[in-house]
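Per-entry structural report
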Amino acid sequence: MAADTHGALFRPIVPHQHSRVTYAELFFDLVFVFAVTQISHSLLGHFTPLGALQVTMLFLAVWWVWVYTSWITNWLNPEKTPVRLLLFALTLGGLVLSTSIPKAFDDRGLWFALAYAAMQVGKTVFLWVATPPSRPLARMNAIRITSWLAVSAVFWIAGGFAKGETRLVLWGIALVIEYLSPAVRFWIPRYGASSVADWVIEGGHMAERCAGFIIIALGESIIVTGATFAELTWTTENVTAFVSAFVGTLAMWWIYFNKGAEAGSEQISKSSEPGRLARLAYTYLHMPIVAGIIVTAVADELVLKHPGGHSDLRTVLSATGGPLLFLIGTILFKHSFRGFLQLSHGVGIIVLCGLAWFAHDLSPLWLSLLTTAIMVVVAVWESISLRSDTPE
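A few points on the structure. (Residues numbered from 1 in each chain as written. Predicted model: local features only at pLDDT ≥ 70, side-chain atom pairs only at ≥ 80, totals over all residues. Heavy atoms only, no water.)

Within the protein chain, the regular secondary structure consists of 13 helices and zero strands. Reading the helices (α) and strands (β) of the protein chain from amino to carboxyl end gives α-α-α-α-α-α-α-α-α-α-α-α-α. A compact globule built from 392 residues would reach a C-alpha radius of gyration of about 21 Å, and the protein chain, at 21 Å, matches this within 12%. Sequence separation of at least 24 residues holds for 80% of the intrachain contacts in the protein chain that already meet a minimum separation of 6. Summing over all exposed atoms, the protein chain offers an accessible surface of approximately 16500 Å²; the carbon and sulfur share of this is 69%. For the protein chain, the separation between the mean place of its 24 positive charges and that of its 24 negative charges on side chains is 10 Å. (Helix = DSSP H or I, 4+ residues; strand = E, 2+ residues; numbered from the N terminus. Rg over C-alpha atoms; globule rule 2.2 N^0.38 Å. Contact = heavy atoms within 4.5 Å. Areas by Shrake-Rupley, 256 points an atom, 1.4 Å probe, with all protein chains shown as cover. Lys, Arg positive; Asp, Glu negative; His and termini not counted. Charge placed at Lys NZ, Arg CZ, Asp CG, Glu CD.)

Next comes the structure, spelled out in structure tokens:
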């Protein structure tokens, strides 16, 4: 990705100095609060194998367009007016993208595809134009990225015109192209691949941006819980479910932020190859963390509305699958900079898998209470074990 740190529109990178997240970036993030809500509601309304696949693809697209923008604003300085205007244009594109999510596989597929392609290609073309020829490595990286995104854009737009399974296949190809591109370092014919050493980033800023997206996802979970609970007649069962949902969300916050987020930020700031760590820990491994929070929010709404009786398949999959995705993401994220696997997280993953086997026999409320208890135990266990700064 980008290679140099000087230039009119580029963010100045000062050694051992953290670049703050700007207000323009936070304004851009507001759209993704809406996008995350749209994704969780879409999953809730289409909780079938096909619906889950479609929502997963939409989530992957939303995450990718956001994380690519974070890379761009890590290189470019959002305090500069042209970059700020770029962010505002991307915000408008993100709003169109988000409003298209519920019907992206129906009559708004083309709108979704056009908004997505315009955001992805537009910002990398901007990076290309903003990089002067005197910065050949950075300019070449911008050309490489633009080339990959331009190819994927063809499949996005073609899928927007297509229908049914054809759209699913074309958009699947587009996602494979985009998710593969950083792994192969944006290799293109004749010019080859970029060097990871050229991916100069401000590590602390990248860590803070991704932590901000975790807050967005957790905030959406709280909004869903509060909005659902407000519409119900308050009984002992749904009050208990409400408390369980909140404590579960709090446990997720604790697991990610109490030690992991700060340690990750410190490690990437000191890394000799921050671009490599950012590609793994913040570009790829944050996906299951965010996905886990979104799926858990779906489970919280299901449990709040129907706390009694036996748990159906939707409730079992979301109530156990959400925390499971979250813990898998966090254990891998923390391993990327700590070098060891958190025992607490591993035990939590195993217990959640065991719980899923007999979850159907439990009421949704009891299932929620047990998954919340598991997450609380993981959070407390990790906090105690890391007080001495030694592996578990």
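Mapping Leu149 onto the fold places it in helix α5 (residues 136-161). Among the residues examined, Leu149 registers a relative accessible area of 1% and is labelled buried. Setting aside chain neighbours within four positions, we find Leu149 in contact with Tyr68, Gln120, Val121, Thr124 and Glu178. (Buried < 20%, exposed > 50% of the residue type's maximum accessible area, 1.4 Å probe, protein only.)

Roughly 490 Å³ of internal volume is contained in the largest pocket. Lining the largest pocket are 24 residues; nearest its centre among them are Leu43, Thr56, Ala291, Val295 and Leu325. Those elements giving two or more residues to the lining of the largest pocket turn out to be α1 (23-45), α2 (49-75), α10 (286-305), α11 (313-338) and α12 (343-358). The element that contributes the greatest number of residues to the lining of the largest pocket is α11, accounting for eight residues. The class makeup of the residues in the lining of the largest pocket is 19 nonpolar, five polar and no charged. (1 Å grid on protein atoms, 1.4 Å probe; cavity = no way out; pocket = protein on both sides within 12 Å on 5 of 7 lines; lining within 4 Å. Points joined across faces, edges and corners; volume = space filled by probe spheres on them. Nonpolar A, V, L, I, M, F, W, Y, C, P; charged D, E, K, R; others polar.)

So, about α12. When the terminal C-alpha atoms of α12 are compared, their 24 Å separation across 16 residues agrees well with the 22 Å that a helix rising 1.5 Å per residue should span. The complete set of buried residues in α12 reads Ser344, His345, Gly348, Ile349, Leu352 and Leu355. Mapping the buried residues of α12 onto a view down its axis gives an arc of 135°, with all of them on the same face. Across from the buried face of α12, at angles greater than 90 degrees, the exposed residues are Ile350 and Trp357. (Expected span 1.5 Å × (residues − 1). Arc of directions from axis to C-beta.)

Further remarks concern the side chain of Asp300. Tracing the chain through its elements places Asp300 in helix α10. Among buried charged residues, Asp300 stands out as having no salt bridge; its nearest opposite-charge side chain is Lys305, 13 Å away. Those residues in contact with Asp300 that sit more than four places away from it in its chain are Ser221, Thr225, Ala245 and Thr249. (Salt bridge = Lys/Arg side-chain N within 4 Å of Asp/Glu carboxyl O.)

Per the stated rule, a full pass over the model turns up two cavities of 30 Å³ or more. Listing elements by their share of the lining of the largest cavity, those giving two or more residues are α8 (236-270), α10, α11 and α13 (364-385). Of the residues belonging to the lining of the largest cavity, the class tally is seven nonpolar, seven polar and one charged.

What follows is about the packing of aromatic side chains. Going through the model one piece at a time under the given rule, you end up with 23 aromatic pairs. Ring geometry for Trp71 and Trp75: centres 5.6 Å apart, planes at 55°, overall tilted. Linking Trp71 with Trp75, this pair stays in helix α2, spanning four residues, or about one helical turn. Relative accessible area serves as the criterion here: at 4%, Trp75 is assigned to the buried category. An angle of 75° between the planes, with centres 4.7 Å apart, marks the rings of Tyr256 and Phe257 as edge-to-face. Residue classification places Phe257 among the buried positions, given a relative accessible area of 17%. (Phe/Tyr/Trp six-rings, centres within 6.5 Å; stacked < 30°, edge-to-face > 60°.)

All chains considered together, the criterion is met by seven salt bridges. For Glu79, the salt bridge goes to Arg20, with nearest N and O atoms at 2.8 Å. With a gap of 59 residues between them, Glu79 in the loop between α2 and α3 (81-100) and Arg20 in the segment before α1 connect regions that are remote in the sequence. Note that Glu382 and Lys334 form a salt bridge whose closest N and O atoms lie 2.7 Å from each other. Within this pair, whereas Glu382 is found in helix α13, its partner Lys334 is found in helix α11, the two being separated by 48 residues in sequence. Taking the relative accessible area as the measure of exposure, Glu382 reaches 2% and is therefore buried.

As a further point, take a nonpolar patch on the surface. Taken together, the side chains of Ile215, Ile222, Phe246, Leu250, Trp253 and Trp254 present a nonpolar region at the surface, about 560 Å² in accessible area. Contributing elements (two or more residues each) for the nonpolar patch: α7 (203-230) and α8. Among the elements that take part in the nonpolar patch, α8 stands out by supplying four residues, more than any other. Counting through the fold element by element, Ile222 comes out in helix α7. Under the relative-accessibility criterion, Ile222 is labelled partly exposed at 44%. (Patch = residues over 30% accessible without salt bridge, like charges linked within 9 Å, V, L, I, M, F, W, Y side chains within 5 Å.)

Attention shifts here to the side chain of Thr225. Within the secondary structure layout, Thr225 lies in helix α7. The class for Thr225 is buried, based on a relative accessible area of 5%. Contacts of Thr225, omitting those with residues within four sequence positions, involve Phe242, Ala245, Asp300 and Leu304.

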